[in-house]
Amino acid sequence: LLDPAGTPRVTIFEEITGLANKHNALNLGQGFPDTEGPEEIRQIALKSIAEGANQYAPGSGIPALRRAIASHQKRFYDLELDLETQVVVTTGATEAIAAAILAFVQPGDEVVTFEPYYDSYAAMIGLANAKHNVVQLQLPDFQPDLAKLRATVTDKTRMIILNNPHNPTGSVFGEDVLNEIIALAHQHDCIILSDEVYEHLTFGVSHVPVATLPGGFDRTITISSAGKSFSFTGWKVGWATGPEKLITAVRTVKQFLTYSSGPAFQPAVAQALELPDEFFAQFAGSLGHTCGLLADSLEQSGIPVVRPRGTYFLVADVSQLGYQDATELARLLPERLGVAAIPMSVFVHPENRQAYSSLLRFAFCKKEDVILEAARRLSRLPE
Ligand code: PMP
Ligand code: GLN
């Protein structure tokens, strides 16, 4: 967690949001929405505080939330979960990821992720003193090469981490990829950690949890979060589900990371998980709309984009505008054009940066007028 000069690292999200705030820029960098989650859900959190939900919650989460998580998995994926043994509430998906890695990965083990990868995977694999191997997702559509995946997972691999739908590329893995991951996990006796925080944010495709495919459930810890599905990123309510053996281990580690998570937010998230199907469909529809607006505008400005099939994010290639180093551009953009974005190269191993150096990630989970104004400003590139 130190940079090469020995200075404590600051995440790229902190850095770019800091620059966006300093220059009063439109923040299409850090992935958070600029509209609040449902009013009736916020009211439940307020009421819970007023009614005394202010002391420690049970370590594994309040029963109402665990029940709601289980019934959500049943409603959307036909998965049957025992709320006592197969569900644990965590302080955001981030804690679930940390607890799962610390529970199962020993020093010297190997962990396979796809690259680019969400930053916390690399940090936690590092803290577990394990080796982080990657399978690259490449243009044009950021799908993995299955032969490379087979060559990377070995008997030394303890865990395969996937993020589907995928941050930062916006790609969604097909069943062929998911089935291959399951087959490899069986062949090499490893655990699958499936980060599905964007499960409801897909455009024109449906989400398939790896745990629903044959042979998937018994080896998979599935993670999600209220942050993305309900626009409450700051509440940090997440969860892990899966077979008892795996969830018991996650819960055991979680006890010593945070012990328990915010009691006032839990009844609110329980209610949110029970919102009707239309809520989820409408939200995905409106995100798909702002995604399309941004993608169309960038393309009209001569900036090619990869159309995402899910998440908050799209990837644009700025090389045609003469920028080979999108990291440098990302640091200049807030001041120069009043827009913030995240360079893709921060989500990859340092030795692989070259392959992603001209790519920028834009978050489109913003109001339509913000997206249009950002696109207008970006059309001035390469000014
Ligand atoms: N996984 C991915 C892929 C993410 O993009 C994020 C960012 N929110 C997280 C995990 C962390 O989620 P949370 O804020 O619930 O900890
Ligand atoms: N998940 C969000 C993103 O990728 C940010 C999370 C964070 O700030 N750590 O932008």
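Keep in mind that this is a model prediction, so the values were computed, not measured.

**With respect to the domain arrangement of the protein chain**
Working step 1: According to the domain assignment, the protein chain contains domain 1 (12–30 + 278–378) and domain 2 (40–273).
Working step 2: Spacing between the C-alpha centres of domain 1 and domain 2 amounts to 25 Å.
Working step 3: Each partner contributes to the interface: domain 1 provides 24 residues, whereas domain 2 provides 25 residues.
Working step 4: Looking at the side of domain 1 that touches domain 2, the elements with two or more residues in it are helix H11 (277–300) and strand S11 (313–317).
Working step 5: Looking at side-chain class alone, the side of domain 1 that touches domain 2 contains 17 nonpolar, 5 polar and 2 charged residues.

**Some words on the environment of Glu299**
Working step 1: Topologically, Glu299 is positioned in helix H11.
Working step 2: Of the residues examined, Glu299 has 13 C-beta atoms within 10 Å and is grouped as partly exposed.
Working step 3: C-alpha of Glu299 to C-alpha of Glu36: the two residues are 263 residues apart in sequence and 29 Å apart in space.
Working step 4: Glu299 has contacts with Pro304 and Val305, leaving out every residue within four places of it along the chain.

**A closer look at the site of ligand 1**
Working step 1: With respect to spatial proximity, 14 residues lie near ligand 1, and among them Gly92, Ala93, Thr94, Asn167 and Ser225 are the closest.
Working step 2: With 3 residues, the top contributor of residues to the shell around ligand 1 is helix H4 (residues 92–104).

**With respect to the site of ligand 2**
Working step 1: Around ligand 2 sit Thr11, Phe13, Gln30, Gly31 and Asn167, and those are all the residues in its vicinity.
Working step 2: Taken together, the residues that form the shell around ligand 2 break down as 1 nonpolar, 4 polar and no charged.

**Quick word on the sheet that holds strand S14 (residues 359–363)**
Working step 1: Sheet architecture is open: 4 strands sit in the order S10-S11-S14-S13, paired in antiparallel fashion. Each having just a single partner strand, strand S10 (305–306) and strand S13 (342–343) make up the two edges of the open sheet.
Working step 2: Bridge count between S13 and S14: 2 bridges; the pairing is antiparallel. Bridging across to S14, Ile342 finds its partner in Arg361.

About the criteria used
- Residues numbered from 1 in each chain as written.
- Chains lettered and ligands numbered in written order.
- Predicted model: local features only at pLDDT ≥ 70, side-chain atom pairs only at ≥ 80, totals over all residues.
- Domains from an automatic or database assignment.
- Contact = placed C-beta atoms within 7 Å.
- Helix = DSSP H or I, 4+ residues; strand = E, 2+ residues; numbered from the N terminus.
- Nonpolar A, V, L, I, M, F, W, Y, C, P; charged D, E, K, R; others polar.
- Buried ≥ 20, exposed ≤ 12 C-beta atoms within 10 Å, placed from the backbone.
- Near = placed C-beta within 6 Å.
- Pairing = 2+ DSSP bridges.

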